[in-house]
Amino acid sequence: MQSATAPEARTAPAAPVDTHCPYCALQCGMGLRAEAEGGGVEVVERTAFPVNRGALCGKGRTAPAVLSSRVRLVEPLVRRPATGRLEPATWEEALDRIAAGFAGTRAEHGPDAVGVFGGGGLTNEKAYALGKFARLVLGTSQIDYNGRFCMSSAAAAHQRAFGLDRGLPFPMADIPRTGCVILVGSNLAETMPPALRYLTELKENGGKLVVIDPRRTRTAEQADLHLAPRPGTDLALALGMLHLVVAEGRVDEEFVAARTSGWPEARAAAMAHWPELVERITGVPLPQLREAVALFCDAPSSMVLTARGPEQQSKGTDTVGAWINLCLATGRAGRPLSGYGCLTGQGNGQGGREHGQKADQLPGYRKLVDPAARAHVAEVWGVDPDDLPGPGRSAYELLDALGTDVKSLLLMGSNPVVSAPRAAHIEERIRSLEFLAVADVVLSETAQLADVVLPVTQWAEETGTTTNLEGRVLLRRRAITPPPGVRTDLEVLNGLAVRLGWEKGFPTDPEEVFDELRRASAGGPADYSGITYRRIAEEDGVFWPCPEAPGTEESSDRETPEAASNAPEVPSTPNIPNTDETPLGPLLDDPANDYEAEPADTGAEPPLVSAPAGGHPGTPRLFLDRFATDDGRARFVPVTHRPAAEEPDADYPVLLTTGRVVSQYQSGAQTRRVDELNAAAPGPFVQLHPQLAERMGVAEGDPVAVVSRRGRAVAPAQITRDIRPDTVFMPFHWPGEGRANTLTNPALDPTSRMPEFKVCAVRVEPAAAAE
């Protein structure tokens, strides 16, 4: 049993309540119960949940510490003109102030002068309600969220190639059963520790692991082959591998002809990246490149999994597209135990962008510019489609417009003062706002700048759904009573909507909101209409798409027959991929799949056939029959390597890359309030190679200044041979002088609008010399 304790007694049930971790997209299952002695909340293992099988990292074990009233917000705060300080206020005063601020901005500058910025940690219900609130109550197009900084490049590449974006098109349980995994720009050992066992089991089953990362991380140490490319050259590396696939006759011509389009153009683009050129660009020796191709192609099945490394680049969409092209050319897509997948980072990074808080999307992953999508959602909302605003700015562009075009902002579940690129500039833009309202669990660095701060409930104090990196819709259950004076985000949106003239349309019951989300998503790419709270609980989650089968009337567990009969009819969707109602074994045994034998079962098989009689079982595995394009074929997209937006020069000769450490999460707003986690990771550092340290005259622990064209950060030196000599690394969890995102480049990918967090030019020097 693993446990952590909130320091004071709280109302909690005696038996454990099944729920999920509040942090990353693995969404590990856990139980919560009242401790027998000393009060507080105890985390207990939930071994039956298939994704983590009871395992938790330190962040999950200590998550109850943030429930403490000593570290979290417990009453609204309003900035008093007389003192200029945030001081306690009633909920009525706080909500009145926000409503008046937004109404005044709209009246003076128009609806688009009010912005909304959400978060990838919000539940599906809250993300849905926030998007609806922005577009109906505020009438603004200016809404986006911090998930734009997470996997938007992978999402865009998914859409281009497959016609549908779901982080993993297969369950995590398939990973140990494939023959080879190429893991690109991911350090699972620190970002998702319980997921590392999937790679361990892969190797135990005889599979091979290739890790691509500029650093020799704890994950790279597990690899059969580690490639350490120069930051910003992942695109060239993928193209070089595809070149070798063609040159060595490893293309699956039958698959390419039967299930893809666009291969001649993609092939020509790849052949321009001959291996010797790729070696010069990336720094990866040609023999290692050939070995990676052999490991990938010689296995009977293979996967490519990417994370923020290749995605957080100004060419991230093309980079992911190149890895997808490699999978398609070798027939490693749309087949059992093969394919491309993205390891989503934030807790609800997947669901958070599916249901309307992204600038260009409506619920169900519908496009805001699609007339049919607008008509469907408008009917559910009871408004005219013409009343819905069009697409707005992407996340960084929205933040950059604060104080100029966007005068007031509602911010929920995000801390851009720490997490945004070019963070000092974004902090200035936030300070220039006429009005800022923040709803959060803690007084983050961004909340400290607000005019009104609202204390809202968190994971253990509320019920709602999230969608993990597999596309599995999960149910977080309320396990304890929140402190007096704390309200849910749904109650916040309801209170504001009423004050701004919307008496109806914003319920506070999360299941009621989810039922409306189901109707709004029905028939869309991310169709949740066949998913209910009861099904999620009974099946340990349901994989979308899961349309409601005509005549099943599974609807809400609480709906009357009359209410169910009023639900909109779900149109047939020819592009919904294979539902995989059969177990994986028979698929592998089919000679048409060219597999020798089923790998050893790890015991982690998710439920595949568990649905109401006549209902849709959900979709654990996508694309086995067809891809989600008009003709069912996957699309090759020709891509070409190009340099990073900012390459080293004489003034800034070193490359900076950023990332996470195991004991902190994202901007650290919550984890930096947990003593155990701070003891393990007390502050920022600069990781650099001994050769660079020697040139600078820097010893371990000495303060080092890292300077870019955007600013300067200072942190202690961490000297290691696990990083390239031309590269330094900084974690991005801390504010202040060690804030890594002071340095990062906001150059945007032209398709996904993802900023280039992962590579920029810097100079590095002893901190004293930089004074």
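The structure we're discussing is the one just above.
Counting restarts for each chain, with residues numbered from 1 along the sequence as it is written. Owing to the predicted nature of the model, reporting of local features is limited to residues with pLDDT of at least 70; listing and counting of side-chain atom pairs is limited to 80 or more, with chain, interface and lining totals taken over all residues. Hydrogen atoms and water are omitted, and side-chain values are computed over all heavy atoms in the structure.

Our next topic: the overall build of the protein. To qualify as a helix, a DSSP run of H or I must reach at least 4 residues; to qualify as a strand, a run of E must reach at least 2; elements of each kind are numbered from the N terminus. Scanning the protein from N- to C-terminus turns up 26 helices and 30 strands. Residue burial is assigned from relative accessible area. The probe radius is 1.4 Å, only protein chains are included, and a residue is buried under 20% of its type maximum, exposed over 50%, and partly exposed in between. A buried classification covers 65% of the 771 residues belonging to the protein. When checking whether two residues touch, look at their non-hydrogen atoms; a contact exists if any pair is within 4.5 Å. Considering only intrachain contacts with a sequence separation of at least 6, the fraction spanning at least 24 residues in the protein is 76%. Per-residue and other accessible areas follow the Shrake-Rupley method at a 1.4 Å probe size, with only the shown protein chains counted as cover for residues. By element, 49% of the accessible surface of the protein is carried by carbon and sulfur atoms, the whole surface being about 25,000 Å².

Here we come to empty space enclosed by the protein. Put plainly, a pocket is an open set of points on a 1 Å grid over the protein atoms alone with protein on both sides within 12 Å along at least five of seven lines, a cavity is a set where a 1.4 Å probe fits but cannot get out, and a lining residue has an atom within 4 Å of a point. Grid points are joined across faces, edges and corners, and a volume is the space filled by probe spheres set on the points. For the structure shown, the criterion picks out ten cavities of 30 Å³ or more. Its boundaries defined by the atoms lining it, the second largest cavity holds a volume of some 100 Å³. As for the second largest cavity, its lining consists of 17 residues, and the residues nearest its centre are P169, F170, G334, S338 and L622. For the lining of the second largest cavity, the class distribution of residues is eleven nonpolar, three polar and three charged. Each residue gets one of three labels, nonpolar for Ala, Val, Leu, Ile, Met, Phe, Trp, Tyr, Cys and Pro, charged for Asp, Glu, Lys and Arg, and polar for the others, Gly among them.

This part covers the packing of helix α2 (residues 91-109) against helix α19 (residues 489-499). Relative orientation of the contacting elements α2 and α19 amounts to 60 degrees, with a least axis distance of 9 Å. On the basis of their axis angle, the class for α2 and α19 is oblique. Seen from above, α2 lies across α19 with right-handed handedness. Residues W91, E92, L95, D96, I98 and A99 of α2 lie in contact with α19, whose contacting residues are V492, G495, L496 and R499. Of the residues contributing to the contact of α2 with α19, the split by class is six nonpolar, one polar and three charged. To obtain each axis, a line is fitted to C-alpha atoms, and for helices this fit is confined to the stretch in contact; angles are then taken between N-to-C directions over 0 to 180 degrees. Under this scheme an angle from 65 to 115 degrees is roughly perpendicular, one under 35 degrees roughly parallel, and one over 145 degrees roughly antiparallel; angles in between are oblique. Crossing handedness follows the turn of the near helix against the far one: under a right angle anticlockwise gives a left-handed crossing, and clockwise gives a right-handed one.

Turning to the packing of aromatic side chains, a few remarks are in order. Stacked, tilted and edge-to-face are the three classes assigned to paired rings of Phe, Tyr and Trp, where Trp is represented by its six-membered ring and a pair needs centres within 6.5 Å; plane angles under 30 degrees give stacked, over 60 edge-to-face, the rest tilted. This structure, assessed with the given rule, holds twelve aromatic pairs. Pairing F685 with F729 gives two aromatic rings, centres 6.2 Å apart and planes at 45 degrees, and the pair type is tilted. Here F729 lies in strand β27 (residues 727-731) and F685 lies in the loop between α24 (675-680) and β24 (686-688), a separation of 44 residues in the sequence. Relative accessible area serves as the criterion here: at 2%, F729 is assigned to the buried category. Put simply, the rings of F162, F623 and F627 pair up and form one aromatic cluster. The aromatic ring of F729 is capped on one face by R215, whose charged end is 3.6 Å from the ring centroid. Whether a charge sits over a ring comes down to the Lys NZ or Arg CZ being within 6 Å of the ring centre and within 35 degrees of the ring normal.

Glancing now at the environment of T481. Tracing the backbone shows T481 in the loop between β20 (472-476) and α19. As for T481 and A460, which are separated by 21 residues in sequence, their C-alpha atoms are 8.4 Å apart.

Attention now moves to helix α20 (residues 510-521). How far a helix is expected to stretch is found by multiplying one less than its residue total by 1.5 Å. An ideal rise of 1.5 Å per residue puts 16 Å on twelve residues; α20 measures up with 16 Å between its terminal C-alpha atoms. The buried fraction of α20 amounts to ten of the twelve residues, a majority that puts the element mostly inside the structure. On its buried face, α20 sits against α3 (124-138), β15 (366-367), α15 (371-381), β19 (464-467), α19 and α21 (533-539). The definition of a polar contact used here is a pair of N or O atoms within 3.5 Å, where within protein one atom must be able to donate a hydrogen and the other to accept one, and adjacent residues in sequence count solely through side-chain atom pairs. Between the side-chain oxygen at the start of α20 and the backbone nitrogen of E511 there is a gap of 3.1 Å, and the oxygen is on D509.

We now examine the side chain of T317. One can find T317 in helix α13 (residues 316-329). With residues near it in sequence (within four places) discarded, T317 still touches S153, A156, A157, R160, D749, T751 and S752.

Our next topic: the sheet that holds strand β1 (residues 17-20). The rule for pairing is simple: two strands pair if DSSP sees at least two bridges between them. Taken together, the three strands give an open sheet; going across it, the order is β1-β2-β3, and neighbouring strands pair in antiparallel fashion. Every other strand in the sheet has two partners, leaving β1 and β3 (41-45) as the edge strands with one partner each. On average, adjacent strands in this sheet sit at an angle of 40 degrees to one another, irrespective of strand direction.

Another point: the sheet that holds strand β12 (residues 302-306). Judged by pairing direction, the sheet is parallel, and its five strands sit side by side in the order β10-β9-β8-β12-β13 without closing on themselves. Because the sheet does not close on itself, it has two edges, and the strands there are β10 (225-227) and β13 (339-342). Sheet twist, expressed as the average angle between the axes of neighbouring strands with direction ignored, equals 15 degrees. With five bridges joining them, strand β8 (residues 180-184) and β12 adopt parallel strand pairing. Within β12, the residue paired with V184 across the bridge is T306.

Turning our eyes to something else, we now look at the packing of helix α7 (residues 234-247) against helix α9 (residues 263-271). Axes are the key here: two packed helices are described by the angle between their axes and the distance separating the axes. Across the interface, α7 lies against α9 with an axial gap of 8 Å and an inter-helix angle of 110 degrees. The angle between α7 and α9 places the two elements in the roughly perpendicular class. Of α9, the residues touching α7 (which contributes L239, L242, H243 and V246) are W263, R267, A270 and M271. Here the contact of α7 with α9 is composed, by residue class, of six nonpolar, one polar and one charged.

A separate point is helix α10 (residues 275-282). Regarding α10, the residues found buried are P275, V278 and T282. The arc that holds every buried residue of α10, seen down its axis, measures 55 degrees, which confines them to one face. Along its buried surface, α10 packs onto α7 and α11 (286-298). The positive-phi residue at the C-terminal boundary of α10 is G283, with phi of around 80 degrees. The directions considered for the arc are those from the helix axis to the C-beta atoms.

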